[in-house]
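# Residue-level structure breakdown
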Amino acid sequence: MAKYIAQIIVLGAQVVGKAFARALKQEIAASQEAAKRAGGGPQGARRAAANASSGLTLEEAMQILNLEKIDSEKLNKNFEHLFTVNDKAKGGSFYLQSKIVRAKERLDTEIKFKQPPENENPTKPS
């Protein structure tokens, strides 16, 4: 009896191990494909990481906040409007408010990466 239980445990562990390895390979392939779609190289990897951390792609975030191009002023204006309109006290939706916040965070991340680093000043004489 113990022999059969041990065999069942070993076979179960093998099945779970193979399924985990297959899922890991699929996740790595999906991550690499997302990086390629985002532009490849370090830029694509950064964008894929930003998409994964916020749960939104750049395009989705722009659609949520009704933007055609990334503009800080219009971004803040649309964010404030949509956030206040969807206030739960006014009959809005907390879910929509959270989506709006995530979209703004995603676009803020993109704006931060598009700005040149502060320590690089090309007009500063050496």
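Reference entry: report on the structure contained in this document. If you're wondering where the values come from, they're calculated on a predicted model, not measured in any experiment. (Residues numbered from 1 in each chain as written. Predicted model: local features only at pLDDT ≥ 70, side-chain atom pairs only at ≥ 80, totals over all residues. Heavy atoms only, no water.)

## Structural notes on helix H4 (residues 72-85)
Quick note on the threshold: Helix and strand definitions follow DSSP, with helices as H or I runs of at least four residues and strands as E runs of at least two, each counted in order from the N terminus. Helices are assigned an expected span. That span is 1.5 Å times one less than the residue count. Buried means the residue's accessible area, taken with a 1.4 Å probe over protein chains only, is under 20% of the maximum for its type, while exposed means over 50%, and partly exposed covers the values in between. By construction, the arc corresponds to the directions joining the helix axis to the C-beta atoms. By the convention used here, residues are in contact when the closest approach between their heavy atoms is within 4.5 Å.
For H4, with 14 residues, the first-to-last C-alpha span of 20 Å sits near the 20 Å given by 1.5 Å per residue. Leu75, Asn78 and Phe79 are the residues of H4 that are buried. Angular distribution of buried residues about the axis of H4 spans 105°; they occupy a single face of the element. Exposed side of H4, more than 90 degrees from the buried face: Glu73 and Lys77 are the residues found there. Tucked inside the fold, the buried residues of H4 contact helix H5 (94-114).

## Observations concerning the environment of alanine 49
Relative to the elements of secondary structure, alanine 49 occurs in helix H2 (residues 41-54). The class for alanine 49 is partly exposed, based on a relative accessible area of 45%.

## Thoughts on H5
To keep things clear, this is the line we draw: Counted as a polar contact is a pair of N or O atoms within 3.5 Å, where, for protein atoms, one must be capable of donating a hydrogen and the other of accepting one, and residues adjacent in sequence contribute only when both atoms are in side chains.
Its 21 residues place the ends of H5 30 Å apart at the C-alpha level, agreeing with the 30 Å of an ideal helix rising 1.5 Å per residue. Turning to H5, its buried residues number three or more, namely Gln97, Ile100, Ala103, Lys104, Arg106, Leu107, Glu110 and Ile111. Where H5 starts, the residue carrying a side-chain oxygen 3.2 Å from the main-chain nitrogen of tyrosine 95 turns out to be serine 93.

## A few points about the nonpolar core
The cut-off we apply is this: Buried Ala, Val, Leu, Ile, Met, Phe, Trp, Tyr and Cys residues form a nonpolar core when they are joined through side-chain atoms within 4.5 Å.
Counting twelve residues, the largest nonpolar core consists of Leu56, Leu58, Ala61, Met62, Leu65, Leu67, Leu75, Phe79, Ile100, Ala103, Leu107 and Ile111. At the level of elements, helix H3 (58-64), H4 and H5 are the ones that each hand at least two residues to this core. The element best represented in this core is H5, accounting for four residues. Leucine 67 has contacts with Met62, Lys74, Leu75, Asn78 and Leu107, leaving out every residue within four places of it along the chain.

## Focus: the pattern of salt bridges
Where charged atoms from two side chains of opposite charge approach closely, those side chains can pair. As a reminder of what qualifies: By salt bridge we mean one thing: a side-chain nitrogen of Lys or Arg within 4 Å of a carboxyl oxygen of Asp or Glu.
Applying the stated rule across the entire model yields three salt bridges. A salt bridge links lysine 104 to aspartate 108, with the nearest nitrogen and oxygen atoms 2.9 Å apart. Of the two residues, lysine 104 and aspartate 108 both sit in helix H5, four residues apart, roughly one turn of that helix. Its relative accessible area of 31% is what places aspartate 108 among the partly exposed residues.

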